Amino acid sequence: MNGAQALLAGESVARYFIHDSMRGIDYLVSRKEVDPARIGVSGCSGGGTQTMDVAALDERVKVAAPACVMNSFEKVMAGPTGDSEQSFPGFVSDGLDQADWIYQFAPKPWLISSTEEDFFTPAGAEIVYRQGLDFYRIFAAEDRLKWVVGPDGHGTPLKVREAIYEWMIRWLKDGQGDAKELDLAMLPTGDLCVFANCRAPGKDLTTVIAEGWKARRKQADPRKRIALGGEPTGLAEVSWLGPDGKTDELLVMVNDGVPAERRAASLAKLGMRVKLVKLAGSGQVGGRYSGGWIDHARAWLVGKNLPSLRANDLLVEVRKELDRYGKVYVHGWAWGGIPAIYAAHAEKRIAGVWIERTPWSLAMAMEAKLPRNLQEAIVVGLALKGDFAD
C-alpha cells in the first residue's frame, strides 16, 4: 500500500526501508561491544532486498548475504516480479539488473543463497552469480563471491542458514568459530519488544510519505505526466452491442468485467449503441486492496506506466468512431474510470465522460491508511502535479 502512495509522490518506498536499515547500523556502531569495522548484513526475501540495498549504499557494511531474492530480470520480468520496494521505476530501462548491486559492493564478500523450489528460481540467481563473478575476477577476488542453493521453497533452510553463519565467521571473525547451528530456545515476541505493545513511538509510514508529498507538491498541469499519442499496445479487445446504424450516439465503455458488461447489455436493450473496450491487463486478478500490481510493477521497471498505456489504447478506440457518430461518450466503472479520465482530457470532441465508483481524489488516497486498488491510478509523480479534478 505504501509503495503505491510513494510512487504517486514521485519516490520509491525503498528509500524509507534503506533509511531505517542505515539507522540500525548507526545504533550498532554506537555500542561499545560492536566493532564498526566488522558489520555484516543478511536477510531473506524482502529482508534480502534491504540487504542488497544497504550493502551497496552504506560503506560501513563489510559482508553481505542476501537470501531468496537475487534473480536476473531476464527471469523476473516474466515471473515473480518483486514488490514496490524491489521494483524501482526505470531500473530495467536504464540498463540495470540485480548484478549491479554486487558491482557496487565489490570486491567485498557477498554470498548469494537460493532454494531449489523458490519462485525466485536458481536459474535466475545463477545469471546474477555468473555476472558478478566476472566482475570479481577483475579484482582477483573470486573467493569473495559465493552462491549456495538449499532445499525446499522460499525461505532459509538449515543448509542456507549455516552457509550464512560460515560466511560471516569467515570474513568477520577471521574464520574463528563453528558454523553449526546451535539448539537455542526461541524467545517469545513479547520478550523481544523494546517499546510497549511492540510499537515504537512516532509517525506511521503513511503519514511520513504524505507529509513529504504535501511539502513538495506544486500546482501544475498533471496532464503532462500522462503519456498519450504513441502507438497502441495492440492488446485492447473490442466488442459491440446495440443497434448498428440506427443512432447518432455511441457510448464507449471500459470493460472491466461483469459490471460493465451487464451495464452495456442493459443500455443496448434500450437502443444505445455500445462499444466495449477491454484494456491491457484488466483481466489480471490481484489482492482486494493491491489490485493487479504485478503488471504495474513490470511497466514501471521498463520506464512505462499501465494507466497511460490503457488511456492511450482507449483514446485510439474512441478516435476511430468520432467521424462515424455525432456524439461519442466515454464510460468507466471503478478503476475503469481512471483511463477514461486520463484519455478524455486529450480529445475535446468527446461529448461527455461518465464515471461510476471511481475514486474522486488522489489527495484522499495519499492520506488513506488502506487505499484500495491505488495501483490502477499510478503515474509516477502525478500527485505532485495535481489531482483528478484538474
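This one's a predicted model, so the numbers in the text were calculated from it and none came from an experiment.

1. A short note on the sheet that holds strand 3 (residues 110-115)
Paired through their backbone hydrogen bonds, the strands of a sheet run either parallel or antiparallel.
Okay, step 1: With respect to topology, four strands assemble into an open sheet ordered 1-2-3-4, the strand pairing being parallel. The outermost strands of the open sheet, each flanked by one partner alone, are strand 1 (39-44) and strand 4 (145-150). On average, each strand axis in the sheet is tilted by 15° relative to the strand beside it, whichever way the strands run.
Okay, step 2: Here strand 3 runs beside strand 4; their pairing, made up of six bridges, is parallel. The residue of strand 4 that forms the bridge with serine 114 is valine 149.

2. Some remarks on empty space enclosed by the protein
Okay, step 1: Within this structure, the stated rule accounts for one cavity of 30 Å³ or more.
Okay, step 2: Each pocket or cavity is described by its volume, and for the largest cavity that value is around 130 Å³.
Okay, step 3: Every residue lining the largest cavity is counted, 15 residues in all, and those nearest its centre are Met52, Phe73, Gln86, Ser87 and Gln98.
Okay, step 4: Of all the elements in the fold, those that place two or more residues in the lining of the largest cavity are helix 3 (46-57) and helix 4 (73-76).
Okay, step 5: Of all the elements, helix 3 adds the most residues to the lining of the largest cavity, at three residues.
Okay, step 6: Tallied by class, the residues present in the lining of the largest cavity amount to nine nonpolar, five polar and one charged.

3. Comments concerning helix 7 (residues 158-172)
Okay, step 1: Between its terminal C-alpha atoms helix 7 stretches 21 Å, which fits the 21 Å expected from 15 residues at 1.5 Å a residue.
Okay, step 2: Val160, Ala163, Ile164, Trp167, Met168, Ile169 and Leu172 are the residues of helix 7 that are buried.
Okay, step 3: Elements that come into contact with the buried residues of helix 7 comprise strand 1, strand 2 (61-67), strand 3 and strand 4.
Okay, step 4: The first or second residue beyond helix 7 is aspartate 174, which carries a positive phi of 55°.

4. A closer look at helix 2 (residues 14-30)
Spacing of three or four residues puts side chains on the same side of an α-helix, whose turn is 3.6 residues.
Okay, step 1: Between the first and last C-alpha of helix 2 there are 25 Å, a value that for 17 residues agrees with the 24 Å anticipated at 1.5 Å per step.
Okay, step 2: For helix 2, every residue scored as buried is listed here: Ala14, Tyr16, Ile18, Ser21, Met22 and Ile25.
Okay, step 3: Where helix 2 is buried, its residues contact strand 1, helix 3, strand 2 and helix 9 (205-216).

5. A word on the packing of helix 12 (residues 306-319) against helix 13 (residues 337-344)
Okay, step 1: It is at 8 Å that the axes of helix 12 and helix 13 come closest, and there the two elements cross at 65°. Classified by the angle between their axes, helix 12 and helix 13 sit roughly perpendicular to one another. In terms of crossing hand, the pair formed by helix 12 and helix 13 is right-handed. Mapping the contact onto sequence places Pro307, Arg310, Ala311, Leu314 and Leu315 in helix 12 and Pro339, Ala340, Tyr342 and Ala343 in helix 13.

6. Looking at the sheet that holds strand 6 (residues 249-254)
Okay, step 1: Spatially, 5-7-6-8-9 is the arrangement adopted by the five strands of the open sheet, whose pairing is mixed. Single-partner strands in this sheet number two, and they are strand 5 (237-241) and strand 9 (352-356). Averaged over all pairs of adjacent strands, the angle between their axes in this sheet comes to 20°, without regard to strand direction.
Okay, step 2: Bridge count between strand 5 and strand 7 (residues 273-278): five bridges; the pairing is antiparallel. Residue pairing for strand 7: glutamate 237 is matched across the bridge by lysine 278.
Okay, step 3: Each of strand 5, strand 6, strand 7, strand 8 (327-333) and strand 9 touches helix 10 (residues 258-269); the most contacted strand, strand 6, lies at about 165° to it.

7. What to know about the side chain of glutamine 98
Okay, step 1: On the secondary structure map, glutamine 98 appears in the loop between helix 4 and helix 5 (99-105).
Okay, step 2: What glutamine 98 contacts, discounting residues up to four positions off in sequence, is Met52, Val69, Met70, Asn71, Phe73, Phe91 and Val128.

8. What about the packing of aromatic side chains?
Okay, step 1: One pass over the full model with this rule turns up eleven aromatic pairs.
Okay, step 2: With a centroid separation of 5.3 Å and an interplanar angle of 70°, the aromatic rings of phenylalanine 105 and tryptophan 110 are classed as edge-to-face.
Okay, step 3: Tryptophan 110 sits in the buried class, given a relative accessible area of 0%.
Okay, step 4: Consider the rings of phenylalanine 135 and phenylalanine 139, whose centres lie 5.5 Å apart with planes at 70°: the pair is edge-to-face.
Okay, step 5: Members of the aromatic cluster, connected to one another through ring pairs, are Phe73, Phe88, Phe91 and Trp101.
Okay, step 6: Taking the ring centre of tyrosine 16 as reference, the NZ or CZ of arginine 15 above it sits at 5.5 Å.
Okay, step 7: We note arginine 310 situated over the ring of tryptophan 335; from NZ or CZ to the ring centre the distance is 4.5 Å.

Quick notes on the rules
Residues numbered from 1 in each chain as written. Predicted model: local features only at pLDDT ≥ 70, side-chain atom pairs only at ≥ 80, totals over all residues. Heavy atoms only, no water. Pairing = 2+ DSSP bridges. Helix = DSSP H or I, 4+ residues; strand = E, 2+ residues; numbered from the N terminus. Axes fitted to C-alpha atoms, helices over the stretch in contact; angles between N-to-C directions. 1 Å grid on protein atoms, 1.4 Å probe; cavity = no way out; pocket = protein on both sides within 12 Å on 5 of 7 lines; lining within 4 Å. Points joined across faces, edges and corners; volume = space filled by probe spheres on them. Nonpolar A, V, L, I, M, F, W, Y, C, P; charged D, E, K, R; others polar. Expected span 1.5 Å × (residues − 1). Buried < 20%, exposed > 50% of the residue type's maximum accessible area, 1.4 Å probe, protein only. Contact = heavy atoms within 4.5 Å. Parallel < 35°, antiparallel > 145°, perpendicular 65-115°, else oblique. Left-handed = near helix turned anticlockwise from the far one by under 90°. Phe/Tyr/Trp six-rings, centres within 6.5 Å; stacked < 30°, edge-to-face > 60°. Lys NZ or Arg CZ within 6 Å of the ring centre and 35° of its normal.

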